[in-house]
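Listed below, chain by chain, are the residues.
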Amino acid sequence: IAVQKRRKQVQITDILKLISKLILLAALTLNTSRPFLKTTGTGGNMLCIIDNSPSMSVTLDNTTRLGKAKEIAGHILDADDGKASLFSYSGALDPLVGEVTSDKGALRQQLELLSLRTSYGGLPALMDQLRQSPALSSAQKIMFIGDFQNTWYADGEMISSQLGRLGRGYPMQWVQADERE
């Protein structure tokens, strides 16, 4: 009887280990694919910001960081079922499609026209300009696609305080165009 009881305990333990491994595998898969997840049913307006500073000119395989950022933005805009506005940032927050729209063609067209700039900006300047942008008031989510230089993003407390300056708790997702760093 003791042997049967011990066998059942071992089986239960093995089953729990298997379940926890499957949950971990599912979490890793979802985390890896996050920039490309379809956000159906959100119905929220997205403010999409793409870094077009000089650091985005670094070559990756057969494109640049900016080319990769544009590709990622295209996937995100296609997958989202809400409306969006599109901005670039390189020291100044420039509207590409400043008005919130559901016209994916207009968003894609402006995305393709996006080019590098010669100026740099920082996170505090971005937050200041974002706070003053009329597009912020209708945004339910903010997406920033860039190369995330350590000088900008290494300090978690600074990022939290900068995001807090926007006012209400905007969900902001940071998407890295160059995952080598």
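Residues numbered from 1 in each chain as written. Predicted model: local features only at pLDDT ≥ 70, side-chain atom pairs only at ≥ 80, totals over all residues. Heavy atoms only, no water.

Can you help me understand the pattern of salt bridges in this one?
Side chains carrying opposite charge are able to pair once their charged atoms draw close together. Within this structure, the stated rule accounts for six salt bridges. Among the salt bridges present, the one from Glu71 reaches Lys68, with a minimum N-O distance of 3.9 Å. Placement of the pair is Glu71 and Lys68 together in helix H2 (residues 65–79), with a separation of three residues, close to one helical turn. (Salt bridge = Lys/Arg side-chain N within 4 Å of Asp/Glu carboxyl O. Helix = DSSP H or I, 4+ residues; strand = E, 2+ residues; numbered from the N terminus.)

Whenever I open this one, the confidence of the model for the protein confuses me. Can you help?
Should the pLDDT be low somewhere, the predicted coordinates at that spot are not to be read in detail. Looking at the protein, the pLDDT average stands at 80 and 84% of residues meet or exceed 70. The lowest-confidence element of the protein is helix H6 (residues 150–153), averaging 58 in pLDDT; the highest-confidence one is strand S3 (residues 63–64), averaging 92. Counting contacts from residues 34–42, a segment whose pLDDT is below 50, to residues more than four positions away or on other chains yields 21 contacts. (pLDDT = per-residue confidence, 0-100. Contact = heavy atoms within 4.5 Å.)

Can you help me understand the environment of Lys68 in this one?
Look at Lys68 and you get partly exposed, because its relative accessible area is 28%. The sequence separation of Lys68 and Gly146 amounts to 78 residues, and the corresponding C-alpha distance is 9.4 Å. Beyond its immediate chain neighbours, meaning those up to four positions away, Lys68 contacts Leu60, Thr63 and Ala177. (Buried < 20%, exposed > 50% of the residue type's maximum accessible area, 1.4 Å probe, protein only.)

What should I look at first to understand helix H4 (residues 123–132) in this one?
Helical geometry: 3.6 residues make up each α-helical turn, so side chains three or four residues apart lie on a common side. All of the buried residues along H4 are Leu123, Leu126, Met127 and Leu130. In an axial view of H4, the angular spread of the buried residues amounts to 95°, which keeps them on one side of the axis. (Arc of directions from axis to C-beta.)

Is there a simple way to think about the side chain of Lys70 in this case?
Relative to the assigned elements, Lys70 resides in helix H2. Among buried charged residues, Lys70 stands out as having no salt bridge; its nearest opposite-charge side chain is Glu112, 4.8 Å away. Each residue touching Lys70, except ones within four places of it in the same chain, is listed here: Leu111, Glu112 and Leu114. (Lys, Arg positive; Asp, Glu negative; His and termini not counted.)

I tried to follow unusual backbone geometry on my own but got confused; where do I start?
Backbone phi values are negative for most residues with the exception of glycine, while trans is the configuration of most peptide bonds. Phi is positive for Asp61, which is not a glycine, with a value near 45°. Positionally, Asp61 belongs in the loop between strand S2 (59–60) and S3.

Could you clarify how one ought to interpret the packing of H2 against helix H3 (residues 104–113) in this entry?
Helix packing geometry: the angle between the two helix axes and the distance between the axes. At a closest axis distance of 10 Å, the pairing of H2 and H3 adopts a crossing angle of 175°. Considering the angle they form, H2 stands roughly antiparallel to H3. Across from Lys70, Ala73, Gly74, His75, Leu77 and Asp78 in H2, the residues of H3 making contact are Lys104, Leu107, Arg108, Leu111 and Glu112. Class assignment of the residues belonging to the contact of H2 with H3 gives a composition of four nonpolar, two polar and five charged. (Axes fitted to C-alpha atoms, helices over the stretch in contact; angles between N-to-C directions. Parallel < 35°, antiparallel > 145°, perpendicular 65-115°, else oblique. Nonpolar A, V, L, I, M, F, W, Y, C, P; charged D, E, K, R; others polar.)

How do you make sense of the nonpolar core when you look at a structure like this?
Counting residues in hydrophobic clusters, the biggest one holds 20 residues, and the most contacted among them are Ile50, Ile76, Leu77, Leu86 and Ile145. At the level of secondary structure, the elements contributing two or more residues to this core comprise strand S1 (46–51), H2, strand S4 (84–89), H3 and strand S6 (141–146). With six residues, the single largest contributor to this core is H2. Within the second largest apolar cluster, 19 residues are counted, among which are Leu123, Met127, Phe144 and Tyr170. (Core = buried A, V, L, I, M, F, W, Y, C linked by side-chain atoms within 4.5 Å.)

Got a minute to help me understand the pairing of S1 in this structure?
If a strand is regular, its side chains alternate between the two faces of the sheet. With six of its six residues buried, S1 lies for the most part within the structure. Burial along S1 is two-sided: the face carrying Met46, Cys48 and Ile50 and the face carrying Leu47, Ile49 and Asp51 are both buried. In terms of strand pairing, S1 meets S4 through six bridges, oriented parallel. Pairing of Leu47 across the sheet is with Ser85, part of S4. (Pairing = 2+ DSSP bridges.)

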